[in-house]
Amino acid sequence: MSHGKQFTLYTHKGGPNGWKVAYVLAELGLTYESIYLDFNKLEQKAPEYTQYNPNGRIPTLIDHKNNDFTVWESNAIIVYLVEKYDTAHRISAVTPEDKIKQLQWLFFQASGQGPYFGQAVWFKVYHQEKVPSAVERYQKETVRVISVLDGVLQKQEWLVGGKLSVADIAFVSWNNAAFGMVLSDYPGANVEKDYPAFWKWHQTLVALPSIKKVSDERAALQAA
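Residues numbered from 1 in each chain as written. Predicted model: local features only at pLDDT ≥ 70, side-chain atom pairs only at ≥ 80, totals over all residues. Heavy atoms only, no water.

A.B. asks: Just to check I follow, could you spell out the packing of aromatic side chains for this structure?
C.D. replies: Aromatic ring pairs are defined here through the distance separating the ring centres and the angle between the ring planes. A full pass over the atoms with the stated rule returns 16 aromatic pairs. Taken together, a centroid distance of 6.2 Å and an interplanar angle of 35° make the contact between Tyr 116 and Tyr 138 tilted. Of this pair, Tyr 116 sits in helix H4 (residues 96-126) while Tyr 138 sits in helix H5 (residues 132-153), and the two are 22 residues apart along the sequence. Residue Tyr 138 is classed as buried on the basis of its relative accessible area, which comes to 16%. (Phe/Tyr/Trp six-rings, centres within 6.5 Å; stacked < 30°, edge-to-face > 60°. Helix = DSSP H or I, 4+ residues; strand = E, 2+ residues; numbered from the N terminus. Buried < 20%, exposed > 50% of the residue type's maximum accessible area, 1.4 Å probe, protein only.)

Here you go:
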């Protein structure tokens, strides 16, 4: 089978984890086709998809120019992309030590930011019962994660190696979810005022042409 684009990205119109992979693909100038799964129809649990991703979640990436190599888990996909296609290390770490620091932040994003922000969104928006204590817990955790990043970014412009890297890019889509859904009604949560280093870093990231382009595509899809 011939493919016009190098990659197929199985993703979701709203899911932040798919969009952070799209940001990296765009930043590296790699061509891809997105297939948006319909969660209401449980397409992510269907055999047609779980043959690629046994976990039945998004995203999954297929690299058609590498024997249809398939990888799932968003940060594993990101590591694959930079290891194979960012040989100039334009947005990835160079030294062994910085590569570990890059992994450290990607693990923190996957284990700290994503789950806490995601649970905050779930209990605020999707959970069938209102559980104020759960909402408050995850809102507090969202603020705590932001404070961790802010503390580091007060001392340095980027997370790893003194330059933009995938360690930074991986946080963008869940940050956007936090501003739009998680903290909108949280008392006293003024991120711009209380965490200025974090805020400046995030604004710099969302202004990058590749991220802005993909974010505009996301907005258009959700508006359709």
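A.B. asks: Mind showing me how you'd approach the domain arrangement of the protein here?
C.D. replies: Interface size, as often reported, equals the accessible area lost upon joining of the parts. Entries for the protein in the domain assignment read domain 1 (7-90) and domain 2 (96-210). Placing the centre of domain 1 and that of domain 2 at their C-alpha centroids yields a distance of 21 Å. The partner domain 2 presents 16 residues to the 15 residues of domain 1 that form the contact. For the pair domain 1 and domain 2, the two sides together bury roughly 1300 Å², of which 61% comes from carbon and sulfur. When the area that domain 1 buries against domain 2 is broken down by residue, the three leading residues are Pro 16, Tyr 23 and Asn 75, summing to 36%. Seen at the junction of domain 1 and domain 2, the total is one salt bridge. The partner of Glu 83 in a salt bridge is Lys 99, with the nearest N and O atoms 3.9 Å apart. Linking domain 1 with domain 2 are seven residue pairs in polar contact (both at pLDDT 80 or more), by the criterion used here. When residues in the side of domain 1 that touches domain 2 are grouped by element, the largest group, eight residues, is from helix H1 (residues 16-27). Partitioning the side of domain 1 that touches domain 2 into residue classes produces eight nonpolar, three polar and four charged. (Domains from an automatic or database assignment. Contact = heavy atoms within 4.5 Å. Buried area = accessible area lost by both parts, 1.4 Å probe. Salt bridge = Lys/Arg side-chain N within 4 Å of Asp/Glu carboxyl O. Polar contact = N/O pair within 3.5 Å; in protein donor to acceptor, adjacent residues only side chain to side chain. Nonpolar A, V, L, I, M, F, W, Y, C, P; charged D, E, K, R; others polar.)

A.B. asks: Any chance you could explain a nonpolar patch on the surface here in plain terms?
C.D. replies: On the surface, Trp 122, Val 125, Tyr 126 and Met 181 cluster together into a nonpolar patch covering about 390 Å² of accessible area. As for its position among the elements, Tyr 126 is in helix H4. (Patch = residues over 30% accessible without salt bridge, like charges linked within 9 Å, V, L, I, M, F, W, Y side chains within 5 Å. Areas by Shrake-Rupley, 256 points an atom, 1.4 Å probe, with all protein chains shown as cover.)

A.B. asks: Can you walk me through unusual backbone geometry in this structure?
C.D. replies: Most peptide bonds adopt trans geometry, and most residues besides glycine take a negative phi value. Backbone torsion omega between Ile 58 and Pro 59 reads 5°, so that peptide bond is classified as cis. As for its placement among the helices and strands, Pro 59 is situated in the loop between helix H2 (47-50) and strand E3 (60-63). The phi dihedral of Asn 67 is positive, around 55°, even though this residue is not glycine. As for its position among the elements, Asn 67 is in the loop between E3 and strand E4 (69-72). Here the phi dihedral of Glu 73 falls at roughly 75°; this positive angle occurs in a residue that is not glycine. Looking at the element boundaries, Glu 73 is found in the loop between E4 and helix H3 (74-85).

A.B. asks: Explain the UniProt feature "domain: GST N-terminal" (unreviewed entry) in the protein here, please?
C.D. replies: With numbering aligned to this structure, UniProt lists the feature "domain: GST N-terminal" (unreviewed entry) at residues 5-89. Along residues 5-89, the helical share is 33% and the strand share 21%, with 23 Å between the first and last C-alpha atoms. (UniProt positions renumbered as here; feature names shortened; annotations may be inferred.)

A.B. asks: Got a minute to help me understand the side chain of Asp 86 in this structure?
C.D. replies: Position of Asp 86 relative to the elements: it lies in the loop between H3 and H4. Lacking a salt bridge, the buried Asp 86 has Arg 90 as its closest oppositely charged neighbour, with an N-O distance of 5.1 Å. A polar side-chain atom of Asp 86 sits 2.9 Å from the main-chain amide nitrogen of Arg 90. (Lys, Arg positive; Asp, Glu negative; His and termini not counted.)

A.B. asks: Would you mind going over the layout of surface pockets with me for this structure?
C.D. replies: Of the pockets and cavities examined, the largest pocket occupies roughly 1400 Å³. As for the largest pocket, its lining consists of 47 residues, and the residues nearest its centre are Gly 15, Pro 16, Asn 17, Gly 118 and Trp 174. At the level of secondary structure, the elements contributing two or more residues to the lining of the largest pocket comprise H1, H3, H4, helix H7 (172-182) and helix H10 (209-223). Of all the elements, H4 adds the most residues to the lining of the largest pocket, at 12 residues. Taken together, the residues of the lining of the largest pocket sort by class into 21 nonpolar, 20 polar and six charged. (1 Å grid on protein atoms, 1.4 Å probe; cavity = no way out; pocket = protein on both sides within 12 Å on 5 of 7 lines; lining within 4 Å. Points joined across faces, edges and corners; volume = space filled by probe spheres on them.)

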